[in-house]
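# Understanding the architecture of this molecule
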Amino acid sequence: MCAARVLSDHYDDVTVFERDELPDHPANRTAVPQGRHVHLLMARGANEFEGLFPGLLDDMVAAGVPILENRPDCISFGAAGHLLGTQSTLRDEFTAYVPSRPHLEWQIRTRALAIPNVRLVRQGVAEPRYDPVRERVTGVLLEAGDESSAVPADLVVDTTGRGTRLPVWLEQWGFGRPTEDTVDVGIKYATHQVRIPDGLLKEMVVVAGATREKPIGLGMLLYEDGLWGLTTYGTGKVEPPHDFAGMCDLADDILPAHVGRALRQGEPVGDVAFHAYPMSRWRRYDKMRRFPTGIIPLGDAVASFNPTFGQGMTMTSIQAGNLQAVLRSGDPDIAGRLAKATAKTTWPVWAMTAIGDLSLHNATGEARWWYRPVGGLFDQFLGAAETDPVLAEWFLRRFSLLDSLYMVPSARLVGRTIRHNLRALLSEKVGAVRSSTREREPVPSR
Ligand SMILES: Cc1cc2nc3c(=O)[nH]c(=O)nc-3n(C[C@H](O)[C@H](O)[C@H](O)COP(=O)(O)OP(=O)(O)OC[C@H]3O[C@@H](n4cnc5c(N)ncnc54)[C@H](O)[C@@H]3O)c2cc1C
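Described in the following lines is the structure provided in the data block. These figures come from a predicted structure and were not determined experimentally.

Reading guide: rules and limits
Residues numbered from 1 in each chain as written. Predicted model: local features only at pLDDT ≥ 70, side-chain atom pairs only at ≥ 80, totals over all residues. Heavy atoms only, no water. Helix = DSSP H or I, 4+ residues; strand = E, 2+ residues; numbered from the N terminus. Contact = heavy atoms within 4.5 Å. Pairing = 2+ DSSP bridges. Near = heavy atom within 4 Å. Polar contact = N/O pair within 3.5 Å; in protein donor to acceptor, adjacent residues only side chain to side chain. Areas by Shrake-Rupley, 256 points an atom, 1.4 Å probe, with all protein chains shown as cover. Buried < 20%, exposed > 50% of the residue type's maximum accessible area, 1.4 Å probe, protein only. Core = buried A, V, L, I, M, F, W, Y, C linked by side-chain atoms within 4.5 Å. Domains from an automatic or database assignment. Salt bridge = Lys/Arg side-chain N within 4 Å of Asp/Glu carboxyl O.

### Section: the side chain of Thr353
Of note, Thr353 is situated in helix 9 (residues 334–360). Sequence-distant contacts of Thr353, defined by excluding residues within four places in its chain, comprise Phe305 and Phe309.

### Here's the deal with the pairing of strand 11 (residues 180–195)
Taken together, the 13 bridges between strand 11 and strand 15 (residues 267–283) define a ladder with antiparallel strand orientation. Paired with Val183 across the two strands is Ser280, which belongs to strand 15. Relative to strand 18 (residues 364–365), strand 11 is paired through two bridges, and the arrangement is antiparallel. From the neighbouring strand, Asp184 faces strand 18, where its bridge partner is Thr364.

### What to know about the site of the ligand
Around the ligand sit 28 residues in total, of which Glu18, Leu40, Arg101, Asp300 and Met313 are the nearest. A distance of 2.7 Å separates an oxygen atom of the ligand from a polar atom in the side chain of Arg101. Interatomic distance of 3.5 Å between a backbone N/O atom of Thr159 and an oxygen atom of the ligand. When isolated, the ligand has an accessible area of 1000 Å², and the protein chains bury 89% of it. Take the shell around the ligand: its biggest share by element is four residues, from helix 8 (residues 312–329).

### Here we look at the side chain of Ser359
Tracing the chain through its elements places Ser359 in helix 9. According to the relative accessible area criterion, Ser359 is buried, its value standing at 6%. A distance of 2.5 Å separates a polar side-chain atom of Ser359 from the backbone oxygen of Ile355. Excluding anything up to four places from it in sequence, Ser359 contacts Arg212, Ala354, Arg372 and Gly375.

### Some details on the nonpolar core
Judged by nonpolar contacts, the single largest core of 51 residues is most densely connected at Leu68, Ile196, Met220, Leu230, Leu255, Leu263 and Phe395. The element best represented in this core is helix 11 (residues 389–399), accounting for six residues. The residue makeup of this core includes at least three contributed by each of domain 1 (2–33 + 42–64 + 98–180 + 283–357) and domain 2 (371–432). Not counting residues up to four positions away in its chain, the partners in contact with Leu255 are Val206, Ala208, Leu218 and Met220. Residues Val156, Leu166, Val183 and Val302 belong to the second largest nonpolar core, which totals 36 residues.

### Describing the pattern of salt bridges
Under the counting rule described, the total for this entry stands at 28 salt bridges. The residue Arg29 makes a salt bridge to Glu18 at a minimum N-O spacing of 3.7 Å. On the criterion of sequence distance, the pair formed by Arg29 in the loop between strand 1 (14–17) and helix 2 (43–52) and Glu18 in the loop between strand 1 and helix 2 is long-range, its members being 11 residues apart. With respect to class, Arg29 is no different from Glu18; both count as buried. A salt bridge links Arg397 to Asp403; the nearest nitrogen and oxygen atoms lie 2.8 Å apart. A network of salt bridges, in which partner residues are shared, links Glu18, Asp20, Arg29, Arg101, Glu105 and Arg109.

What follows is the structure, given as structure tokens:
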């Protein structure tokens, strides 16, 4: 839908072919099974979507989507075993929107399909139509039809998600497959909707990430319908708790105590949903030497990241922004320029999640030599950020992709981290010496 919005400024007619039923209200869809699980919209993604569809954020809030504006007390955010986003570490300017995935999708879909030169055809695409003489894609063949029903197009955008078949077609057309960067994360999700009585929690976003020692995490988000999405997940093929009782036990274990107590007073609604996400995958179209004209991939079809980092929708919105910039540039090599721009915006996020997964989440995959040392440094940084608002803000602004991940911490911030952790280590040591001295002191006799 974001691609359709961008194309509508540059092409006379834009047709979205969608295989799935698209409900005229917010609802889960069969072809997007991940929509049943907690989806966190990063601040950068909210900004990008608003840029494409002005008024979207206000309309979401008017429709009841929680907005956390100047309300750092509403967030409890834990990353890699460190509790970062809390009242004491988040500054007031922190703003977050919390739409459920079906709601966000519906808002965006309604806007995209209202654009006069965008139309929806509810049919699946079987494959692109390829002209080997001109080495270009000339349109698409639909699933329900034969060669005579081919639809001509100047540009085909493949937004079919993780299951894209573009690599297969490229090979058939003689271009070879793109190489792939992968990280075997073995993530398993289980999600319940829960009704928690009003007044028990001031938080609306509660996240506790998995760690190497405890490979199970949990996310709780209060959505526009007043229900909480409660997702537990395991990393490195570990099964998360599936039933409500098990989820409550996990909450007691890894969340602040009052959150676990509130959850126990909640009531699960409907059935539990499951999802398996075996592998993060980045198809390196930017590294292909030859590529046909007339077709581009976008969204998860290019890169899909370990979903527990909550980056996927934001990265898709950023790719749509890249497409807008390329089309505005007027460069005829749309695919080549887009692939390069997307590689540039994808790389730092891919590196951050790969470092997290390979050094903290028991994932397997090709690790660069510097992943582990950088992972160790980040662990130190996050430890200090637990009680230092400046460091917490630095991290959270980059994690939510508001600031560029190409910016490494300045020497001043590294110094602050070292000082902070040395002080903490020292006071721990002094505490230990004091208590052992007390233990050695003779007990006064009566
Ligand atoms: C469990 C889970 C949790 C996640 N949590 C988050 C999160 O917290 N935050 C976040 O930002 N992201 C999250 N993500 C990632 C996010 O869901 C994706 O990044 C995002 O949906 C990608 O959008 P897309 O349009 O590329 O693909 P999709 O949303 O997968 O959409 C693909 C569309 O293509 C259609 N289609 C497929 N094949 C055809 C065909 N041949 N013809 C016609 N139509 C076709 C499908 O019906 C579907 O509508 C999560 C993902 C998972 C798996």
